[in-house]
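Spelled out from the first residue to the last, the chains are:
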Amino acid sequence: MSASQTNRITGKGLIDRRKPLRFTFDGKSYDGFQGDTLASALLANGVVLTGRSFKYHRARGILSAGSEEPNAIVELRAGARREPNTRATMIELFPGLEAHSQNRWPSLKYDVLSINSLLSPVFVAGFYYKTFMWPSAMWEKLYEPMIRRAAGLGRASDEADPDTYDKSNAFCDVLVVGGGAAGLMAALTAGRAGARVIVCDEHFDLGGRLLSETQLVDGKPAHDWVRAAVAELRAMPEVQILTRTSVFGAYDTGTFAAVERVADHLPKPGVHQPRQRLWRIIAKQCVLAAGATERPIVFGNNDLPGVMLASAVRTYINRFGVMPGKTAVIFANNDEAATTARDLATVGVRVAAIVDSRPQPSAAVRDAAKTTGARLVSGVVADAKGRIAVKGARIVPAAGEAFDVSCDLIAVSGGYNPNVQLTTHQNGRPQWNETLAAFLPGSSPKGMTVVGSAKGTFSLPDCLAEGAQAGAAAATAAGFSAHVPQVPKAEAESYGVVPMWRVKEAKHKAFVDFQNDVAASDIDLAEREGYRSVEHVKRYTTLGMATDQGKTANVNGLAILAALTGKSIPETGITSARPPYSPVSIGALAGHHRGKEFKATRLPPSYYWAKEQGAVMVEAGLWMRPQYFPRAGETDWLETVTREVKTTRSAAGICDVSTLGKIEIQGADAGTFLDRVYINMFSTLGVGKARYGMMLREDGIVLDDGTTARFAQDRFFMTTTTVNAVKVMQHLEFCHQWHWPELDVQMASATDQWAQYSVAGPRSRELLAKLVDAPFDISNEGFPYMAVAEITVCNGIRARIYRLSFSGELAYEIGVPARYGDSLIRALMAAGQEFGALCYGTEALGVMRIEKGHVGGPEINGTTTAADLGLGKMASTKKDFIGRVLAGREGLKDPSRPALVGFRPVDRSARLRSGSHLLPKDAGNFASNDQGYLTSVAYSPMNGHWVGLGLLSNAASRMGEIVRAYDPVRNGDTLVEVVSPVFFDPEGERLRV
Amino acid sequence: MRISCPYCGERSLDEYLYIGDATVTRPDPAGANAQADFYKYAYERTNPAGAHKELWYHSAGCHAWLVVERDTRTHEISSVETAKDVALKRNVAKGGA
Ligand SMILES: [Zn+2]
């Protein structure tokens, strides 16, 4: 045994003494053993002061031995893996573990800010609301940084998280939450019936309290029975055991969320090992065996290091072989005092006094006092004494004078709160039980059975029996034939709790919520100020709102409030517990969805070719598209884009347009269907032709636009914009399945099936002629504007060709099966070389559409009608279509609605900015003068100056007017002229040649 | 939440998209009060606490629109039908189609 572990008990505990581990706390080295938690190892080394409290910087130690710990909150690890606010009681010791206390400066022992204790009147209930109100600028500059530093919630690492996190789905017949006595019996019983069972336990070993108590099960030490039970479970092929796994949420349809700490007990995760794994468990049945949490009693200085829950005292002794003190005072309102006294005495701790707050100490306690030689007092511990650790207790007997007892440990038990949280996640309301002085599960979610101490069953034989029954019932409900086995023998225990919430004789601050530093006096104050509802008191005082979710605080706080208001506890009510039951790292929730992997990345068919050319890529939704293709010597993007536009308009330019949504629409009624979703007619479209169409939402606002081609009487091919591809598909399916299911029409997305390139420019026909297989006639006569055809290219590759133009040039789109996309771009570029053809990106595409006044995403923005975009006349009056009726509303026909026009700067050298607001020329910069805004702008190489599209009130009557484009964000204030939105080739002569 | 798609079986909520009320039907566009009817259809919704019929879309599955009867308080689902079947029955009932 290491010399430093002065509190380690020889021959006791379930730790592995053959495996010593070295760790540091606040820079100092200590030794512990495999099987220790950080808390048990610190106690073994005599470290009782583990941190300072949140508001008052009071000295705090280890209160519990489980996930309810509100005090021993530390920063774990260093560097990128540094994690604040971890519970020392849940951290497994590993070699080289490095932990630091929180909320202290400059050192734990001499904390300057513990002066906050002197300022405590400032930090009373509602201090956030009272102290830091005025003026508001002070909040940002002074109060918040001050609170953050002083109230130290620990420091998160500034570095990127180096670990990975996994997500898994699991399906089972029976989920058992908690691997204590009841949970193990349930799992064994269901598992023996052949059910698929998942057992989750938040600790690293199954067994629960059986690992912490000295009881016998079937005549053997309880942990031996646990070992045998676990071995039997492990041998069952359909049983999965998840240790270090907290089930933190219970949802509908038997869905549970759990987080498994896969590698938190290792110095760092192994290669390809995730740090944590988020489980979604779908269970037909659930047995909730989550145990119970012991509650403290609210007495003076009850937060001093050395005040510890009685159950934790027994855990440290029996499970970890650690003596948590030398001289103990036990303060309890139930028979746990007796067990605790015996366990302490067995390992040589002197039990100075047992203080029993009940009117009559029970026979069990009287007996324990006699065996351990403890002084039995009927009364209360009013105050713990000591500055940074317990030095004694001030005891007030029921009859007689107060007196002091020296001690370094006060073991306290205020009774148990069943861990009912998972029963409340779907609005279940716990029920108050007067006999047990505790909330028990009310209604629990469908398929969930609560057993053991989570249900208020505190005696071991009953827990075992309930577990067995619930396991059999759950397996049966899941369709297995199960029977209740012989339950192992164990001795019944007494409990006999009589409520004792708050010691009125306390002279010092008495804490209710340790983690948030909420004292009983804060609840007094809240009540005096008129806060009577438990939900209000919670928020006003912050009771139960820390990361421990008030596991040790809520019921005590509630009982204190009930006493103050003269109501019963059930009348006072209980606050709702919501997921997560215990803290979950954001990393686990994100899983692999981080950075580039946050969403899928879609690559257009020419992606790899474009990368070879040195294209600059841009994210467009999920797509990575070439934005422009810079060449050596070009100094900025505008120079490149200008060249791309000029070359396309003078020779030929190729652009990958595969990202457009593509939908096959087939069936005898396909034309009728399109008539109903587009504002214009498609049933009249000739075979071998394409038409531009626009569709609306039912409220009359434009949904999307694009061209649709007809390849046969019953076969159409629709294109949508890139961004709306999914939305339009969903819309079409909705219209068909919900509005007009009788129509004979079928549709399928073909976006990923076709690689499609636009080939534009005066030389585009010559270029394509080299690839199109004979005898297809690509001439203007043979294949005029808006014609479409199914052909072959490059010696027999199936292809579709469309004479469409977005750029305003003579242009084609050519589609081939996606697997030929890479070959086709290479073939096109090779064929285009002699004509000086280039490939252009999304920037040039945008510039050319703005030059032509075509609407795009900034104009089809969810607020504009077809009329707003100057396309109102497209709407057919011979038919109904989605959005027709509501587009006819008066407000949407108002001529003062901003409508699409073009703009050019009066000073031709001025730059335009999209988003600039349009104001009358001499009007002030007031919102009331706002008449619209610029939606899209570009430097037009063909005009030699900036041009813009925008939406302007009463646009039709304002051609030639000068207005201001006002852009306060970028200090822009430019006079612009209202012009036609078509800036280039207004007659459209170039595309019909 | 888990929804049993008539085509794909019981699948997780993440595979579905929600659009809302399945108790409203697109009005007759030729009706005398078409504009008022469409206004109600597009905007007016009850917000029941309890059983409600809703349209869900199996977007990451078979692309079927479904009419799901769900208790808005508990997420308990009492029935799932394809929207197409519901719509066909509705149209027959109206004497249309
Ligand atoms: Zn489906």
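This is a predicted model, so every value here is computed, not measured.

Helix and strand counts for chain A come out as 24 helices and 48 strands. Referenced to the eigenvectors of the C-alpha coordinate spread, the extents of chain A come out at roughly 115 × 70 × 55 Å. Each of the 993 residues in chain A was classed as buried or not, and the buried ones make up 60%. When contacts within chain A are restricted to residue pairs at least 6 apart in sequence, long-range pairs at least 24 apart make up 67% of them. For chain A, the exposed area adds up to about 39300 Å²; of that, 53% sits on carbon and sulfur atoms. In chain A, 110 positive and 102 negative side-chain charges are present, and the distance between their average locations comes to 3 Å.

Before going further, it helps to examine the side chain of T572 of chain A. Residues and elements named next belong to chain A. Positionally, T572 belongs in helix α14 (residues 569-572). Owing to a relative accessible area of 11%, T572 belongs among the buried residues under this scheme. Polar side-chain contacts of T572 include one of 2.8 Å to the backbone oxygen of S568. If near-sequence neighbours (up to four positions away) are discounted, T572 is found in contact with V534, L558, L561, A562, T565 and K567.

It is a probe the size of a water molecule, rolled over the atoms, that shows where empty space is left. Residues and elements named next belong to chain A. One pass over the structure, following the stated rule, counts four cavities of 30 Å³ or more. Each pocket or cavity is described by its volume, and for the largest cavity that value is around 70 Å³. Sorting the residues of the lining of the largest cavity by element identifies α12 (534-541) and α13 (554-565) as the ones contributing at least two each. In the lining of the largest cavity, the residues fall into five nonpolar, two polar and one charged.

This next bit is on the interface of chain B and chain A. Facing the 36 residues of chain B at the interface are 30 residues of chain A. Buried area between chain B and chain A, summed over both chains or domains, comes out near 2800 Å², and the portion from carbon and sulfur atoms is 55%. In this structure, E76 of chain B engages K446 of chain A in a salt bridge whose closest nitrogen and oxygen atoms are separated by 3.1 Å. Our count for the contact surface shared by chain B and chain A stands at 18 residue pairs in polar contact (both at pLDDT 80 or more). Mapped by element, the contributors of at least two residues to the side of chain B that touches chain A are β2 (9-12), β3 (17-21), α1 (34-43), β4 (51-57), β5 (65-71) and α2 (83-94) of chain B.

Residues and elements named next belong to chain A. With mixed pairing, six strands are arranged side by side in an open sheet as β39-β40-β41-β38-β32-β42. Edge positions in the open sheet fall to β39 (788-793) and β42 (838-839), since each of these has one partner strand only. Pairing between strand β32 (residues 653-656) and β42: two bridges, direction parallel. Each residue of the ladder has a partner; that of G653, found in β42, is L838. With respect to the sheet, helix α21 (residues 821-832) is in contact with β32, β38 (754-760), β41 (811-817) and β42, its orientation differing from that of β38 by roughly 15°.

To continue, consider the coordination of the zinc ion. Residues and elements named next belong to chain B. The protein atoms donating to the zinc ion are C5 (SG), C8 (SG), H58 (ND1) and C62 (SG), with metal-donor distances spanning 2.1 to 2.3 Å. What the four donor atoms of the zinc ion show is an angle range of 105 to 119° at the metal, which sorts the shape as tetrahedral. Written as a sequence motif, the donor arrangement for the zinc ion is C-x2-C-x49-H-x3-C. In this pair, C5 is assigned in strand β1 (residues 2-5) and H58 in the loop between β4 and β5, connecting sequence segments 53 residues apart. With a relative accessible area of 0%, H58 lands in the buried category.

Residues and elements named next belong to chain A. Burial within helix α11 (residues 520-528) is extensive, with seven of its nine residues counted as buried. Among the residues making up α11, those that are buried are A520, D522, I523, D524, L525, A526 and E527. Trailing α11 by a residue or two, G530 shows a phi angle of about 100°, which is positive.

Attention shifts here to the environment of R763 of chain A. All names here are of chain A. Looking at the secondary structure, you find R763 in the loop between β38 and α20 (764-769). Between the C-alpha atoms of R763 and S650, which are 113 residues apart in sequence, the distance is 8.0 Å. The contact partners of R763, leaving out residues within four places of it in the chain, are A651, A652 and F835.

Residue and element names in this part refer to chain A. For the coordinates displayed, the defined rule picks out 25 aromatic pairs over all chains. For the ring pair Y416 and Y495, a centre distance of 6.2 Å and an interplane angle of 50° mean the geometry is tilted. Residue Y416 is found in strand β24 (residues 416-418), and its partner Y495 is found in the loop between α10 (460-477) and β28 (511-513); the two are separated by 79 residues along the sequence. This pair shows no difference in class: Y416 is buried, exactly as Y495 is. Note on F783 and Y812: the rings are 6.2 Å apart at their centroids and 10° apart in plane angle, and the pair reads as stacked. In this pair, F783 is assigned in the loop between α20 and β39 and Y812 in strand β41, connecting sequence segments 29 residues apart.

Residue and element names in this part refer to chain B. Pairing is antiparallel in the open sheet, where four strands are placed in the order β3-β4-β5-β6. A single partner strand is all that each edge strand has here, and the edge strands are β3 and β6 (77-82). Mean inter-strand twist for the sheet, computed between neighbouring axes without regard to direction, equals 30°. Against the sheet, α2 contacts β4, β5 and β6, and its axis sits at roughly 75° relative to β6.

The next point concerns the pattern of salt bridges. All names here are of chain A. One pass over the structure, following the stated rule, counts 60 salt bridges over all chains. The closest approach of N and O atoms between R649 and E851, which form a salt bridge, is 2.8 Å. Here R649, found in helix α17 (residues 637-650), pairs with E851, found in helix α22 (residues 842-851); they are 202 residues apart in sequence, far enough to count as distant. Judged by relative accessible area, which is 2%, R649 ranks as buried.

Residue and element names in this part refer to chain A. Where α17 contacts α22, the axes come no closer than 9 Å and their chain directions differ by 60°. Taken as axis vectors, α17 and α22 run oblique relative to one another. Judged by the sense of rotation from one axis to the other, the crossing of α17 with α22 is right-handed. Note on element contacts: α22 touches α17 through E843, A844, V847, M848 and E851, opposite W637, V641, E644, V645, T648 and R649. Across the contact of α17 with α22, the residue classes break down as six nonpolar, one polar and four charged.

Residue and element names in this part refer to chain A. Where α11 contacts α13, the two axes come as close as 10 Å, and the packing angle between them is 40°. Between α11 and α13, the angle is such that the two are oblique. Helix-helix and strand crossings are classified by hand; for α11 and α13 the assignment is right-handed. Taking contact as the criterion, the partners of A520, I523, D524 and E527 in α11 are, on α13, G557, I560, L561, L564 and T565. Of the residues contributing to the contact of α11 with α13, the split by class is five nonpolar, two polar and two charged.

Residues and elements named next belong to chain A. With an omega of 0°, the peptide bond running from P579 to P580 counts as cis. One can find P580 in the loop between α14 and α15 (586-590). Residues A774 and P775 are joined by a peptide bond in cis, for which omega reads 10°. The topology assignment puts P775 in the loop between α20 and β39. One non-glycine residue, T253, lies in positive phi territory at about 55°. Mapped onto the elements of the fold, T253 is located in the loop between β13 (245-251) and β14 (255-260). By relative accessible area, T253 is classed as partly exposed at 35%. For N954, which is not glycine, the phi torsion reads 50° and is therefore positive. Residue placement: N954 occurs in the loop between β46 (945-952) and β47 (962-967).

Before going further, it helps to spend a moment on the nonpolar core. Residues and elements named next belong to chain A. Counting 86 residues, the largest nonpolar core has L38, F299, Y316, V329, F331 and I395 as its most contacted members. The greatest single-element share of this core, amounting to six residues, is contributed by helix α1 (residues 38-44). Counting residues in hydrophobic clusters, the runner-up holds 37 residues, among them A755, L771, I814 and A831.

Okay, helix α18 (residues 670-677) of chain A next. Residue and element names in this part refer to chain A. α18 sits mainly inside the fold: six of its eight residues count as buried. Restricting attention to buried positions, one finds in α18 the residues A670, G671, F673, L674, D675 and V677. Turning to α18, the residues buried within the fold contact β33 (661-666), β34 (689-696), β35 (702-712), β36 (715-720), α19 (725-739) and β37 (746-749).

Cut-offs and rules
Residues numbered from 1 in each chain as written. Chains lettered and ligands numbered in written order. Predicted model: local features only at pLDDT ≥ 70, side-chain atom pairs only at ≥ 80, totals over all residues. Heavy atoms only, no water. Helix = DSSP H or I, 4+ residues; strand = E, 2+ residues; numbered from the N terminus. Buried < 20%, exposed > 50% of the residue type's maximum accessible area, 1.4 Å probe, protein only. Contact = heavy atoms within 4.5 Å. Areas by Shrake-Rupley, 256 points an atom, 1.4 Å probe, with all protein chains shown as cover. Lys, Arg positive; Asp, Glu negative; His and termini not counted. Charge placed at Lys NZ, Arg CZ, Asp CG, Glu CD. Polar contact = N/O pair within 3.5 Å; in protein donor to acceptor, adjacent residues only side chain to side chain. 1 Å grid on protein atoms, 1.4 Å probe; cavity = no way out; pocket = protein on both sides within 12 Å on 5 of 7 lines; lining within 4 Å. Points joined across faces, edges and corners; volume = space filled by probe spheres on them. Nonpolar A, V, L, I, M, F, W, Y, C, P; charged D, E, K, R; others polar. Buried area = accessible area lost by both parts, 1.4 Å probe. Salt bridge = Lys/Arg side-chain N within 4 Å of Asp/Glu carboxyl O. Pairing = 2+ DSSP bridges. Axes fitted to C-alpha atoms, helices over the stretch in contact; angles between N-to-C directions. Donors = N, O, S within 2.8 Å, 3.2 Å for Na, K, Ca; no water. Tetrahedral: all angles 85-135°; square planar, octahedral: opposite > 155°, others 65-115°. Phe/Tyr/Trp six-rings, centres within 6.5 Å; stacked < 30°, edge-to-face > 60°. Parallel < 35°, antiparallel > 145°, perpendicular 65-115°, else oblique. Left-handed = near helix turned anticlockwise from the far one by under 90°. Core = buried A, V, L, I, M, F, W, Y, C linked by side-chain atoms within 4.5 Å.

None of the figures reported here should be taken as evidence of function without further support.
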